[in-house]
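# Survey of secondary and tertiary structure
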Amino acid sequence: MNRFRHAVLFLAATSVCSLALANDPSEKDAIALVEKGAAFMKAKGKDEMIKQINAKDPDYVQGQLYLVMRDNKGVVLANPVNPAMIGKDLLDVPDVDGKLFRREILEVAKTKGKGWVDYKFKNPASGKVEAKTSYIYKVGDVTLEAGVYKR
């Protein structure tokens, strides 16, 4: 009976882990969130989009996946997870590997209009620094971005 109990517990634990991974947002989810924000912004304007993001509107904050907005100089205009970043220029603050990813975000926005940037960032769910990729989309004079942690 003891082996049976261990087998059941093992299966339950692996099922929970698989479910957690299955619920992690995907790159498609990041693209969809950014495009949803861009459509909202085109319809209602930048100021209204800033309000929605900073108010933690569930349309733009979905657990680990959330929308961030920065201006074309790199100053954060909206961040629902870390409001202390709002109004800050963090262009020259690197990730743990020394990558100036925020500069790359602005470069992608400026040269391509949209695309992906890889870097390391603290995952609010795990509290650990993890590999992350963010989808970047330039809308007028700002950049919208949403990222997912890589597994």
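Up top is the structure these notes are about.
What you are looking at is a predicted structure, and each value in this text was computed from that prediction instead of being measured. (Residues numbered from 1 in each chain as written. Predicted model: local features only at pLDDT ≥ 70, side-chain atom pairs only at ≥ 80, totals over all residues. Heavy atoms only, no water.)

### Notes on helix H3 (residues 46–54)
Residues of H3 that are buried: Met49, Ile50, Gln52 and Ile53. Along the axis of H3, the buried positions cluster into a sector of 165 degrees, meaning they face one direction only. Across from the buried face of H3, at angles greater than 90 degrees, the exposed residues are Asp47 and Lys51. Tucked into the core, H3 has its buried residues touching helix H2 (27–44), strand E1 (61–62), strand E3 (68–71) and strand E4 (76–78). One or two positions beyond H3, positive phi appears at Lys56, with a value near 60 degrees. (Buried < 20%, exposed > 50% of the residue type's maximum accessible area, 1.4 Å probe, protein only. Helix = DSSP H or I, 4+ residues; strand = E, 2+ residues; numbered from the N terminus. Arc of directions from axis to C-beta. Contact = heavy atoms within 4.5 Å.)

### Some words on the packing of aromatic side chains
Taken as a whole, this structure holds 5 aromatic pairs when the rule is applied. Consider the rings of Phe101 and Tyr119, whose centres lie 4.1 Å apart with planes at 5 degrees: the pair is stacked. One end of the pair, Phe101, is in helix H4 (residues 101–111); the other, Tyr119, is in strand E5 (residues 114–122), and 18 residues separate them in sequence. Summarising the burial analysis for this pair, Phe101 and Tyr119 share the class buried. (Phe/Tyr/Trp six-rings, centres within 6.5 Å; stacked < 30°, edge-to-face > 60°.)

### A few points about the pattern of salt bridges
When the charged atoms of two side chains with opposite charge come close together, those side chains can pair. By the definition in use, this model includes 8 salt bridges. Measuring nitrogen to oxygen at the nearest pair gives 3.2 Å for the salt bridge that ties Lys99 to Glu104. By relative accessible area, Lys99 is classed as partly exposed at 28%. Assessed through its relative accessible area of 29%, Glu104 is described here as partly exposed. (Salt bridge = Lys/Arg side-chain N within 4 Å of Asp/Glu carboxyl O.)

### With respect to the environment of Lys112
The topology assignment puts Lys112 in the loop between H4 and E5. Note on Lys112: relative accessible area 64%, which makes it exposed. Along the primary structure Lys112 and Ile136 are separated by 24 residues, whereas in three dimensions their C-alpha atoms are 9.6 Å apart.

### Brief notes about the nonpolar core
Counting 21 residues, the largest nonpolar core has Val34, Met41, Met49, Leu67, Met69, Leu144 and Ala146 as the members making the most contacts within it. Residue assignment for this core shows that the elements contributing at least two residues are H2, H3, strand E6 (129–139) and strand E7 (142–149). Broken down by element, this core gets its largest block of residues, 6 residues, from H2. In terms of nonpolar packing, the next biggest core, distinct from the first, is built from 7 residues, Ile105, Ala109, Tyr119 and Ile136 among them. (Core = buried A, V, L, I, M, F, W, Y, C linked by side-chain atoms within 4.5 Å.)

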